[in-house]
Amino acid sequence: MLTERLVATVVVRDGWVVQSFGFQRYLPVGHPEVAVEFLAQWNVDEIVLLDISATRDGRGPDFALVERVARRCFVPLTVGGGIRHLDDVHDLTHAGADKVSVNTTALARPALLEEGASHYGRQCMVVSIDVRGEGAAARVWSRCGTEATDRGPVEWAQAAERSGAGEVLLTSIDRNGTKCGYDLAVIRAVSEAVGVPVIASGGVGRPEHFVEGLREGKASAVAAGNYFHFTEHSVMVTKSALLGQGAAVRISGGRPYVAAPVDGQGRVGRVADFTFDERS
Amino acid sequence: MPRKVLIVDYGMGNVKSVSNALTAAGCLPLVSADPRDVVLADGFVLPGVGAFGEAIRNLRANGMADALTHEVMTRRKPILGICLGMQLLGNESEEGGRHAGLGWIEARVRALPAEPGLRVPHMGWNDIHVRTKEPLFAGADDAPTYYFAHSYVIECSPDLVSATFQYGGEQVGALQQHHIFGTQFHPERSADAGLALFRRFAQRIEAPHVD
């Protein structure tokens, strides 16, 4: 059975991993290669690396960074930020990316999705959609949430799918960093409107938010960024919590998944190190 | 001694992911687009992130397809095709028109069925049902989980199928014909289960050729 994916979003700003709050305030976390290696070892199902300074600085992707990050990452790696041409897609897959996430350029020139899909297959092309506002007022924003467009998330997701996008990464800017859960209405609307997988993003603060994204949002995959930082083994303890709530998550053999305590703040409690096997 | 595994670079695969994983699995990978390099290798990996038509065109354009055919079909060096790389081993594909494949394996590539509720591409971690354990799944669980990302599947004779998975019906997850192997999933992106598969492929390269 196809499992429900738990995705870690690693947001990189000026070379550092950051926690992001409403796309406006940022808290530094550490080195991208360290964050990615830990998340991969903790059995996250997929990693999305987003370089949010590329478009702002008017530059392309940081290929050297992707090479460094990919070296110790043996789970799927999607890379976004600054992708403008088909050559960028080529160079990213040669640097270690499996998929690319396109946001601003896809809005300006949807043909990039088509070109990418015809060369690399549609499974390689992820359209990243950032949304502000809820319900009928929801609109897609470009350039890392700094520029409004007149497009609605459902209409744009469908158009992007027609152009060649094989997956949608749907992020609520309003929810980002709030810990109050996904914007389930927009996730559900987009999930029901497209035939490609949808990754829910923005707002996770508790393990049950992931379950809501899957059940009520009908997302194929659920992502979080801030949530995974500063907690040892955060992915494994989260998966154990999700299992307890009936989600079909991937459990890797050889490592015990013990029931993790969740405190009143929704933080997954620390599990003693000795309960986790050493990597063989 | 680590086995020299040539990763065929036809301009479209996620060659670096495969190379990183093979290194971690104890192999000596070489990424190359040069058909003259194939004689140096003990075995091959044909990766795959791309569209069929362009992939087979690129492979044929610079003589790589002919060079590989000689090494694999005549000299019987092992090869592992991944995802599109496995599909390229077959006779033909219907992806974006009709395209002939390498034809090393009697197989055809078709789109995943269009069914309500079945999202395509098939993307994510799915478990497989292992039919033939040796050599790629020796020591693995009966239903190990691997990462998939594809819109097309391969169809071949049941005796070539070494593993299946469920998505819109039963599909071919892995196949093997003597020293020719293929996986629809991505071992390079399947964490420890994938690295273990690469290690077993490397061991198969070391084994003496038995006909």
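Regarding the overall build of chain B
Check the secondary structure of chain B and you find five helices and 13 strands. Expressed as lengths along the three principal axes of its C-alpha atoms, the size of chain B is roughly 50 × 40 × 30 Å. Across the 211 residues that make up chain B, the buried fraction comes to 61%. Sequence-distant contacts, at least 24 apart, represent 71% of the contacts inside chain B between residues at least 6 apart. Split by element, the accessible area of chain B, about 7,500 Å² in all, is 51% carbon and sulfur. Charged side chains in chain B number 19 positive and 23 negative. The centres of these two groups are separated by 4 Å.

Digging into helix α9 (residues 207-215) of chain A
Among the residues of α9(A), A:P207, A:H209, A:F210, A:V211, A:G213 and A:L214 are the ones counted as buried. Where α9(A) is buried, its residues touch β1 (5-13), α8 (184-193), β12 (221-224) and α10 (234-244) of chain A.

Concerning the interface of chain A and chain B
Between chain A and chain B, the residue contacts involve 42 residues of the former and 36 residues of the latter. Surface buried jointly by chain A and chain B totals about 3,100 Å² across both partners, of which 52% is contributed by carbon and sulfur atoms. The tally of links from chain A across to chain B stands at two salt bridges. Connecting chain A to chain B are 24 residue pairs in polar contact (both at pLDDT 80 or more).

Details of the pairing of strand β2 (residues 16-21) of chain A
Two elements, β1(A) and β2(A), share three bridges in a ladder whose sense is antiparallel. Bridge pairing links A:V11 to A:V18 in β2(A).

Re helix α1 (residues 32-41) of chain A
Residues and elements named next belong to chain A. For α1, every residue scored as buried is listed here: P32, A35, V36, L39 and A40. Down the axis of α1, the buried side of the element spans an arc of 125°, and every buried residue falls inside it. On its buried side, α1 packs onto β1, β2, β3 (25-30), β4 (46-51), α3 (63-70) and α10. Directly beyond the C-terminal end of α1, a positive phi value near 75° is found at N43.

Here is what the cut-offs are and how they apply
- Residues numbered from 1 in each chain as written.
- Chains lettered and ligands numbered in written order.
- Predicted model: local features only at pLDDT ≥ 70, side-chain atom pairs only at ≥ 80, totals over all residues.
- Heavy atoms only, no water.
- Helix = DSSP H or I, 4+ residues; strand = E, 2+ residues; numbered from the N terminus.
- Buried < 20%, exposed > 50% of the residue type's maximum accessible area, 1.4 Å probe, protein only.
- Contact = heavy atoms within 4.5 Å.
- Areas by Shrake-Rupley, 256 points an atom, 1.4 Å probe, with all protein chains shown as cover.
- Lys, Arg positive; Asp, Glu negative; His and termini not counted.
- Charge placed at Lys NZ, Arg CZ, Asp CG, Glu CD.
- Buried area = accessible area lost by both parts, 1.4 Å probe.
- Salt bridge = Lys/Arg side-chain N within 4 Å of Asp/Glu carboxyl O.
- Polar contact = N/O pair within 3.5 Å; in protein donor to acceptor, adjacent residues only side chain to side chain.
- Pairing = 2+ DSSP bridges.
- Arc of directions from axis to C-beta.

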